[in-house]
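So the chains spell out like this:
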Amino acid sequence: MSDYIVRAMAANNQVRAFAATTRDVVEIARAAHGTSPVATAALGRLLTAGAMMGSMMKNEKDMLTIKIQCDGPIKGLTVTADVHGNVKGFVEEPMVILPASEKGKLDVAKALGLGVLSVIKDMGLKEPYVGDTILTTSEIAEDLTYYFATSEQVPSSVGLGVLMEKDNTVKQAGGFIIQVMPFVEDAVLDKLEANIAKLEPVTSMLDKGMTPEQILETVLEGMDVEFTDTMPTKFQCSCSKERVEKALISVGKTELQNMINDGEEIEVNCHFCNEHYKYSVDGILFLSTFPCGPDSLVNELMIRKITNLPMINILIALIYLAFISLGLPDSLLGSVWPVMQPQLDVPLSYAGIVSMIIAGGTVCSSLLSDRSTYRLGTGKVTAISVGMTAVA
């Protein structure tokens, strides 16, 4: 695997550790957002930390979000990660250009300035856990170290780094998180502090080709490191056309109608991956009326008197054909029941029961159409409906 996270225990389970290499994760984010070198470094550090912290979560659907709100030119960053190593994020101002720091490094601290770091853990409870701390150095790694100590009361050491190529692409990225257990011995703490004090910068270790395992072996030298598992990590956004459609439907028919009246194509942008979703007036019209049923869409189209739109005309024709097809079983029941009734050996009055079942199914499907379309999306509802009709 290219990018991955390794987890380990040391000093007889008195220390737990995480390390990651995230070059591809950060490069994908850089390419998606067009970030400047200093913005790439800031976002890359937070993405790396988010991936490792997400892997600390316990349940399958747990989600972790790290937000930085600051007064520097970068204005803010947001990263979201899950328990499987999937991570995504964005920068408020991706094109920040700053001179190098006094040490000749990318000046992430100046890009962030003063601010607040928030960690939000959604663990499926009524309210998510939220921990807020101030930015102590604005270098991100030290700020997370302070967060762990103050908000989670877990003494930790965080190291993060992003190394850029001369063409502003990402050369290396990665980091580590070391945490001690409540029962840690003083001798173990002293050894750990001594190891960290003489540690090279993360970017230097990565540039030498050191793997996450080798980085942890260096940090935890003399502590009997035991690697427990590894897992891949990648930049992955959960946005999709269906999710965007659900979001548009949720704004309400009045707002959608205003978009239709404007007569212009709208574009929805995903902050996390910078993917663009475009919708024409026809598409918005379809979304605004379809949840209320096909008849609502036909009425809307007829009232608006939309002409010279081939897609709309074809859609109307298909809907009317569907109506005719759906109505055939009702008429056929009256025609074929005299033949079916003797073969089934049931009373003639059973035709009424069959008709009531059909009518009940129609009512139920109408009542549930809005909720089903919102939860599953138009495409899935249509496919399921057609499939069930074909089977019947």
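For the structure itself, look to the data block above.
Note that the coordinates shown come from a computational prediction; the quantities given were computed from them, not determined experimentally. Every residue gets a number counted from 1 within its own chain, in the order that chain's sequence is written. Two thresholds apply to this predicted model, a pLDDT of at least 70 for residue-level local features and 80 or more for giving and counting side-chain atom pairs, whereas whole-chain, interface and lining totals are computed over all residues. Hydrogens and water molecules were not included; the side-chain quantities draw on all heavy atoms of the structure.

### Points about the environment of Val-6
Assignment of secondary structure puts Val-6 in strand 1 (residues 4-10). The spacing of Val-6 and Thr-230 is 224 residues in sequence and 4.3 Å in space, taken between C-alpha atoms. Contacts are assigned to residue pairs that have any heavy atoms within 4.5 Å of one another. Val-6 has contacts with Ala-17, Phe-18, Ala-19, Pro-212, Glu-213, Leu-216, Phe-227, Asp-229 and Thr-230, leaving out every residue within four places of it along the chain. In this text, helices come from DSSP runs of H or I with a minimum length of four residues, and strands from runs of E with a minimum of two, each type numbered from the N-terminal end.

### Quick look at the packing of helix 1 (residues 23-33) against helix 2 (residues 37-54)
Packed helix pairs are characterised by how far apart their axes lie and by the angle those axes make with each other. Packing of helix 1 against helix 2 brings their axes to within 9 Å, and their N-to-C directions diverge by 135°. Accordingly, the angle class assigned to the pair helix 1 and helix 2 is oblique. Once helix 1 is placed against helix 2, the crossing between them reads as right-handed. Across the interface between the two elements, Val-25, Val-26, Ala-29, Arg-30 and His-33 from helix 1 touch Thr-40, Leu-43, Gly-44, Leu-47 and Thr-48 from helix 2. Classification used: nonpolar for Ala, Val, Leu, Ile, Met, Phe, Trp, Tyr, Cys and Pro, charged for Asp, Glu, Lys and Arg, polar for all others including Gly. Of the residues assigned to the contact of helix 1 with helix 2, the class counts are five nonpolar, four polar and one charged. For helices, the axis comes from a line fit to the C-alpha atoms of the stretch in contact; other axes are also lines fit to C-alpha atoms, and the angle between any two N-to-C directions lies between 0 and 180 degrees. Angle categories are assigned with fixed cut-offs, so that under 35 degrees is roughly parallel, over 145 is roughly antiparallel, 65 to 115 is roughly perpendicular, and the rest are oblique. A clockwise turn of the near helix away from the far one marks a right-handed crossing, whereas an anticlockwise turn of less than a right angle marks a left-handed crossing.

### Structural notes on unusual backbone geometry
Non-glycine residue Ile-140 carries a positive phi angle of around 80°. If you trace the backbone, Ile-140 turns up in the loop between strand 7 (129-134) and helix 4 (141-151). Judged by relative accessible area, Ile-140 falls into the buried class, the value being 0%. With a phi close to 55°, Asp-224 is a non-glycine residue in the positive phi region. Whether a residue is buried, partly exposed or exposed follows from its accessible area with a 1.4 Å probe, protein chains only, as a fraction of its type maximum: under 20%, in between, or over 50%, in that order.

### Considering the packing of aromatic side chains
Between the rings of Phe, Tyr and Trp (Trp by its six-membered ring), a pair exists once the centres lie within 6.5 Å; its type follows the angle of the planes, with under 30 degrees stacked, over 60 edge-to-face, and the other angles tilted. Taken as a whole and assessed by the stated rule, the structure comprises two aromatic pairs. Both rings, one in Tyr-147 and one in Phe-148, keep their centres 5.4 Å apart while their planes meet at 55°; by these two values the pair is tilted. For the pair Tyr-147 and Phe-148, a shared accessibility class is recorded, and that class is buried. Only when the NZ atom of a Lys or the CZ atom of an Arg is both within 6 Å of the ring centre and within 35 degrees of the ring normal do we say a charge sits over the ring. Across the ring face of Phe-272, the terminal group of Lys-88 is positioned such that the distance to the ring centre comes to 4.6 Å.

### Here we look at the state of the cysteines
Throughout, disulfides are identified as pairs of cysteine sulfur atoms within 2.5 Å of each other. Under the criterion given, the structure shown has zero disulfides. Here Cys-237 is not cross-linked by a disulfide; its sulfur's nearest cysteine counterpart is in Cys-270, at 3.5 Å. Between Cys-239, a cysteine without a disulfide, and Cys-273, which holds the nearest cysteine sulfur, the sulfur-to-sulfur distance is 3.5 Å.

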